[in-house]
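For reference, the chains in residue letters:
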Amino acid sequence: MHEFLTNLPVYREAIRQTFYIVLISVSVGGLLGLGLGLVLYATRPGSLLANRPVFVLVNVLVNVVRPIPFVIFLTAIQPIMLHTIGTTIGTNAVTFALSLSAAFAVGRIVEQNLLTVDPGVIEAARAAGARPISILVTVLIPEALGPIILGYTFIFVAVVDMSAQAGLFGGGGLGDFAITYGSQRYNWPIVYISVATIVVIVQAGQFLGNWLARRALRR
Amino acid sequence: MSTETGPAIEPAQMPDGVRVSGDVHVRLEHVDKIFPGRGRRGVPQAALKDVDLEIRRGEVFGIIGYSGAGKSTLLRLINGLEVPSSGQVLVGGHELTALGERGRREVRRDIGMVFQQFNLFRSRTVAGNVAYPLKVAGLGRDERERRVARLLDFVGLLDRAHDHPEQLSGGQKQRVGIARALATEPSLLLADEATSALDPETTGEVLGLLRRVNRDLGVTIVLITHELDVIRAVADRVAVLDAGRVVETGSVYDVFARPQTEAAARFIGTTLRDRPSPATLARLRATHSGRLVTVRVRDQAGFQTRLARTFLDHQVAAEIVFGGISELQDRPVGGLTFELTGPDGAVDTALAALRADGVDLIEEPE
């Protein structure tokens, strides 16, 4: 316990890093993924903006990227990272990779939830003279909002999970703290305190997500 | 009932004093609609074949047909949700096929649509549902609120404005659907099996509302249904759709009192027992030894007197053994089956006399 107290500033910094990585990844990945999901939904054959080439391209891209384990994905996109953010290590590099990875997962989740919206509702909007883009934003997203929020909550938890691997690339965070200050020094209290902190973050996120989804569904 | 007492809102485009002004609102000319088959090897399906139709401004026009007859496709051609494979669709003088999708969207804003499953937005309140087409049309918030209140009052749901659709009964949902369809003050309303998901009592309520929309607001209504009772209750004219073709068109009375096609005759049989079914006929035969003849009852003055006199003159005893008479557009329609007995040849001469007199009769098969 004494060890932990001396490392309290590092612990605080680790929490800050985890929040930094997770919040930015979920926000940026969430927005990109929303876009991907809308494109997947709208360009699907028979849909509002049916466009087979675009659909096939995006669909294949999502299918290719999603099964890649995060650690390998991060390694694989290092050339892209060098070009865009100028580095392949550190918190920002991890956040960049995590945002991209989350975007593809979110894209699929958004698409799936939009597909559950009753086609009759879309027809009603079309009959009212609404444009396809407007239908996507003002009808489809609101109609699927509850499940979409739950999907985002799921992604939040997955991102917290993946952020624990940030340490491998010098990204810091609670996972890194637990390994370098905890297990590698046989300092088990630090491991368990880190684990407990992650559990609390996940629980808080899940609770918030459930609450928001319930409000959206009015149940 | 609250739907009957709402104050009238401004007529959309009321032709002064004339309900059906006679000019054409919707015209379909030689319309074919062929859907490509599903998948690579799918066989193309012809949903509509050479459809000609003329719907007049201010009338309630019914399209009746069994499921799969092409009714929904026909309705969706009128608001441009589908485009014909060939032929022309004209709405209020606009040729939809020539307009392009953007132009068709504009036309759609002047056409309301009501659906069998209501298709309300679950994410919006009752008021939000009615306001949606107004948002699409770009109306300001104040004007939207004014119109929504007026429309909800018209359909008798002002007190439910802030509820969500799932809190409403089926009939109430459809009234919201109608209010939403009327939001932009359209001159044309399309109803896609609007009452088929409702119980009989609620059906009457919704049909009453549609009639009010037509009479008070002067809105032309095109409704599709598979139920003759719906047509009887509200339609002025009707088209019978069978396997993608319009097989009969005309006033509701003419089409169903004098059906020219098997399809139309089948529909009248569903609502009216105007002829004994084969099973009924077999039972009648068991207890009646005379000849069974069904006479079509139509809107003809002195019909029964002539019938009675002819039978009397030929010494034919006529016993009514089956029948049903109802009303279509306030005129009688139906059939009466007589058991006729008399001296040799008398029945034949009586029947010949009646036929010569213009009576429509059918000798039931042995």
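Residues numbered from 1 in each chain as written. Chains lettered and ligands numbered in written order. Predicted model: local features only at pLDDT ≥ 70, side-chain atom pairs only at ≥ 80, totals over all residues. Heavy atoms only, no water.

1. Notes on empty space enclosed by the protein
If you walk through the whole model with that rule in mind, you get 3 cavities of 30 Å³ or more. Of the pockets and cavities examined, the largest cavity occupies roughly 120 Å³. Lining the largest cavity are 13 residues, and of these Ala-127 and Ala-128 of chain A together with Met-113, Arg-180 and Ala-181 of chain B sit closest to its centre. At the level of secondary structure, the elements contributing two or more residues to the lining of the largest cavity comprise helix H7 (119-127) of chain A together with strand E6 (111-114) and helix H5 (170-182) of chain B. Looking at the lining of the largest cavity, its residues break down into 8 nonpolar, 2 polar and 3 charged. (1 Å grid on protein atoms, 1.4 Å probe; cavity = no way out; pocket = protein on both sides within 12 Å on 5 of 7 lines; lining within 4 Å. Points joined across faces, edges and corners; volume = space filled by probe spheres on them. Helix = DSSP H or I, 4+ residues; strand = E, 2+ residues; numbered from the N terminus. Nonpolar A, V, L, I, M, F, W, Y, C, P; charged D, E, K, R; others polar.)

2. As for the UniProt feature "transmembrane region" (unreviewed entry) in chain A
Residue and element names in this part refer to chain A. Summarizing the sequence annotation, UniProt attributes the feature "transmembrane region" (unreviewed entry) to residues 20-42, 54-74, 80-106, 135-160 and 190-213 in the numbering used throughout. The annotated region residues 20-42 carries 100% helix and 0% strand content, and the separation between its end C-alpha atoms amounts to 32 Å. Along residues 54-74 the backbone is 81% helical and 0% strand, and the end-to-end C-alpha distance reaches 26 Å. (UniProt positions renumbered as here; feature names shortened; annotations may be inferred.)

3. Digging into the interface of chain B and chain A
Between chain B and chain A, the contact holds 22 residues from the first and 21 residues from the second. Interface area for chain B against chain A, summed over the two sides, is near 1,800 Å², with a carbon-plus-sulfur share of 48%. Counting the surface chain B buries against chain A, the share from its top three residues, Leu-81, Arg-105 and Tyr-132 of chain B, is 27%. For Arg-76 of chain B, the salt bridge identified is with Glu-123 of chain A, shortest N-O distance 2.4 Å. Our count for the chain B to chain A interface comes out at 9 residue pairs in polar contact (both at pLDDT 80 or more). Those elements giving two or more residues to the side of chain B that touches chain A turn out to be helix H2 (96-108), E6 and helix H3 (126-136) of chain B. (Contact = heavy atoms within 4.5 Å. Buried area = accessible area lost by both parts, 1.4 Å probe. Salt bridge = Lys/Arg side-chain N within 4 Å of Asp/Glu carboxyl O. Polar contact = N/O pair within 3.5 Å; in protein donor to acceptor, adjacent residues only side chain to side chain.)

4. A short note on the packing of H5 of chain B against helix H6 (residues 200-217) of chain B
Residues and elements named next belong to chain B. Contact geometry of H5 with H6 gives a least axis separation of 9 Å together with a crossing angle of 20 degrees. Considering the angle they form, H5 stands roughly parallel to H6. The handedness of the crossing between H5 and H6 comes out as right-handed. Here Gly-171, Gln-174, Arg-175, Ile-178 and Leu-182 of H5 come into contact with H6, specifically with Thr-202, Glu-205, Val-206, Leu-209, Leu-210, Val-213 and Leu-217. (Axes fitted to C-alpha atoms, helices over the stretch in contact; angles between N-to-C directions. Parallel < 35°, antiparallel > 145°, perpendicular 65-115°, else oblique. Left-handed = near helix turned anticlockwise from the far one by under 90°.)

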